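Analysis of the macromolecular model
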Amino acid sequence: MKFFVDTADTAAIRELNALGMVDGVTTNPSLILKSGRDILEVTREICDIVEGPVSAEVVATEAPAMIAEGLKLAQIAPNIAIKVPLTWDGLTACKAFASEGHKVNVTLCFSAAQAILAAKAGAAFVSPFIGRLDDIHLEGVELIQDIRTIYDNYAYPTEILAASIRSVNHIVDCARIGADVITAPPAVIRAMANHVLTDKGLAQFLSDWEKTGQKIL
Ligand code: E4P
């Protein structure tokens, strides 16, 4: 399973990338706002750090303007994946980009029906939002399972990029199902290392080691 980091915080991306944890990055208008930086400048910096796909999202809502914005974003670096919303105009733009060889991430996917359309439009990635479905008391993880089954039925090459990840359990559930990619905030990726028994075991080992009176260095 590939790990994308869902942030425009370049310091966090650098830190995780140095550990080999970053296969790509996803951004969106809210994350650009949070970064406080210019979209073109910060996206260029991210593309310099990370070799894998970096999703940059259009903000126009009609296909011709989406296409113009997407082509500008694609000029930032060869590893840009143009992110479009899962609307009819977004699918129209997706098809146009894909036909010209651009990678497209179709975002804001909340149903299996939408995911089928993204695959038909030639998306490289479809981004179903788990956390936001959970927020309205629907089972986000079940959507990932449904899309996995459907894509496998027809060998659709579109990768399932599980998004709106809020917990370590979301990531493990996605891995169990076989999502191709997860995109998660840096804090959730870091939290994967935590376990209460690891902390307890380490405290015990350190306490016993102190009693030996020995030193390694
Ligand atoms: C995906 O690409 C989105 O940027 C992101 O996962 C949305 O997550 P949120 O629901 O936590 O905002």
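Below you will find a few notes about this structure. (Residues numbered from 1 in each chain as written. Predicted model: local features only at pLDDT ≥ 70, side-chain atom pairs only at ≥ 80, totals over all residues. Heavy atoms only, no water.)

**Focus: the overall build of the protein chain**
Of regular secondary structure, the protein chain possesses 11 helices and 8 strands. Relative to its full complement of 217 residues, the protein chain shows a buried share of 46%. Partitioning the contacts of the protein chain with sequence separation of at least 6, the portion at a separation of at least 24 is 57%. Summed over all atoms, the accessible surface of the protein chain reaches about 11400 Å², with 57% contributed by carbon and sulfur. In the protein chain, 18 side chains carry a positive charge and 26 a negative one; their mean positions are 3 Å apart. (Helix = DSSP H or I, 4+ residues; strand = E, 2+ residues; numbered from the N terminus. Buried < 20%, exposed > 50% of the residue type's maximum accessible area, 1.4 Å probe, protein only. Contact = heavy atoms within 4.5 Å. Areas by Shrake-Rupley, 256 points an atom, 1.4 Å probe, with all protein chains shown as cover. Lys, Arg positive; Asp, Glu negative; His and termini not counted. Charge placed at Lys NZ, Arg CZ, Asp CG, Glu CD.)

**A word on a nonpolar patch on the surface**
A cluster of nonpolar side chains, namely Trp 209, Ile 216 and Leu 217, defines an oily patch on the protein surface of about 440 Å² accessible area. Turning to its location among the elements, Trp 209 is positioned in helix α11 (residues 196-212). (Patch = residues over 30% accessible without salt bridge, like charges linked within 9 Å, V, L, I, M, F, W, Y side chains within 5 Å. Salt bridge = Lys/Arg side-chain N within 4 Å of Asp/Glu carboxyl O.)

**Concerning the site of the ligand**
Taken together, Asp 6, Thr 26, Asn 28, Lys 83, Phe 129, Arg 132, Ala 163, Ser 164 and Arg 166 make up all the residues around the ligand. Arg 132 places a side-chain nitrogen or oxygen 2.7 Å from an oxygen atom of the ligand. Between the ligand and the protein, one listed contact pairs an oxygen atom with a side-chain N or O atom of Ser 164 at 2.6 Å. Protein chains shield 85% of the accessible area of the ligand, which is 340 Å² for the free molecule. Per-class residue counts for the shell around the ligand are 2 nonpolar, 3 polar and 4 charged. (Near = heavy atom within 4 Å. Polar contact = N/O pair within 3.5 Å; in protein donor to acceptor, adjacent residues only side chain to side chain. Nonpolar A, V, L, I, M, F, W, Y, C, P; charged D, E, K, R; others polar.)

**Description of the packing of aromatic side chains**
Tallied over the entire structure, the rule returns 4 aromatic pairs. Where Tyr 151 meets Tyr 156, the ring centres are 5.6 Å apart and the plane angle is 90 degrees; that geometry is what we call edge-to-face. Site record: aromatic cluster; members linked through ring pairs are Tyr 151, Tyr 154 and Tyr 156. (Phe/Tyr/Trp six-rings, centres within 6.5 Å; stacked < 30°, edge-to-face > 60°.)

**Remarks on the nonpolar core**
Considering soluble globular proteins, one finds that nonpolar side chains tend to be buried as a cluster. Counting residues in each nonpolar core, the largest one holds 59 residues, and the members touching the most others are Val 84, Tyr 151 and Ile 165. Residue contributions to this core peak at 6 residues, all from helix α8 (residues 140-154). Sequence-distant contacts of Val 84, defined by excluding residues within four places in its chain, comprise Val 58, Gly 90, Ala 93, Cys 94, Phe 97, Val 104, Asn 105, Val 106 and Thr 107. Grouped together as the second largest cluster of nonpolar side chains are 5 residues, Phe 4, Ala 81, Phe 125 and Leu 161 included. (Core = buried A, V, L, I, M, F, W, Y, C linked by side-chain atoms within 4.5 Å.)

**Things to note about the sheet that holds strand β7 (residues 159-162)**
Spatially, 8 strands are ordered β1-β2-β3-β4-β5-β6-β7-β8 in a closed barrel, and the strand pairing comes out parallel. When strand polarity is set aside, the average angle formed by the axes of neighbouring strands in this sheet is 30 degrees. Pairing between strand β1 (residues 2-6) and strand β8 (residues 181-184): 4 bridges, direction parallel. Bridging from a neighbouring strand, Val 5 pairs with Ala 184 of β8. With respect to the sheet, helix α3 (residues 39-49) is in contact with β2 (24-26), β3 (54-57) and β4 (80-85), its orientation differing from that of β3 by roughly 170 degrees. (Pairing = 2+ DSSP bridges. Axes fitted to C-alpha atoms, helices over the stretch in contact; angles between N-to-C directions.)

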